[in-house]
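# Per-entry structural report
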Amino acid sequence: MTDQDLDARVHALEAQLDDLRRRMAESELDDWKARIDQLEVQAHLAQMDADDQLEPLLEQMRNRWLDAKAQFDKASNAAGGAVSTVTDGVRSAAKDLSDALAEAVRKITPTR
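The structure contained in this document is the topic of the report that follows. Predicted model only: the values in this text are computed from it and were never measured.

Okay, the overall build of the chain next. A count of helical and extended segments in the chain gives two helices and zero strands. With 112 residues in all, the chain has 10% of them scored as buried.

This is the structure in structure tokens:
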């Protein structure tokens, strides 16, 4: 083999090596894209699961808020001792609302 043949062979091997490096980098990028896509799907599924768990709690919280608001509106129109009774009811409804919110946060916060 001549020096010229060896140079041509080395050049061809270097070109093959460059092509393999490019393909490996492209493959690694494709793998990362697949991982990201998988994480996005998992995040979406987790969000759907959280929505399913939270929707009843949110509905319960909305209803408790409506109750508390109705009691507050009554307290605004009540006279004397009735104000104290209705205010206590509003406080109780607010505590229920706070408890429901804490429960919702507990359900969506992952345990460690």
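Resuming the write-up.
Our focus in this paragraph is the pattern of salt bridges. Under the criterion given, the structure shown has seven salt bridges. With a closest N to O distance of 3.5 Å, Glu55 and Arg62 form a salt bridge. We classify Glu55 as partly exposed; its relative accessible area is 41%. A single network of salt bridges, built from pairs that share partners, joins Asp19, Arg22, Arg23 and Glu26.

This paragraph deals with the environment of Leu66. Its place among the elements puts Leu66 in helix H1 (residues 3-77). Spatially, the C-alpha atoms of Leu66 and Ala93 are 9.3 Å apart, while their sequence positions differ by 27 residues.

Our focus in this paragraph is the nonpolar core. Membership of the largest hydrophobic core is limited to five residues, which are Leu54, Leu57, Met61, Ala100 and Ala104. When contributions to this core are tallied by element, the ones reaching two or more residues are H1 and helix H2 (81-108). With three residues, the single largest contributor to this core is H1. The residues contacting Ala104, other than those within four sequence positions of it, are Leu54, Leu57 and Met61.

A word on a nonpolar patch on the surface. A cluster of nonpolar side chains, contributed by Val41, Leu45 and Met48, occupies part of the molecular surface with about 270 Å² of accessible area. Assignment of secondary structure puts Leu45 in helix H1.

So, how was this worked out
- Residues numbered from 1 in each chain as written.
- Predicted model: local features only at pLDDT ≥ 70, side-chain atom pairs only at ≥ 80, totals over all residues.
- Heavy atoms only, no water.
- Helix = DSSP H or I, 4+ residues; strand = E, 2+ residues; numbered from the N terminus.
- Buried < 20%, exposed > 50% of the residue type's maximum accessible area, 1.4 Å probe, protein only.
- Salt bridge = Lys/Arg side-chain N within 4 Å of Asp/Glu carboxyl O.
- Core = buried A, V, L, I, M, F, W, Y, C linked by side-chain atoms within 4.5 Å.
- Contact = heavy atoms within 4.5 Å.
- Patch = residues over 30% accessible without salt bridge, like charges linked within 9 Å, V, L, I, M, F, W, Y side chains within 5 Å.
- Areas by Shrake-Rupley, 256 points an atom, 1.4 Å probe, with all protein chains shown as cover.

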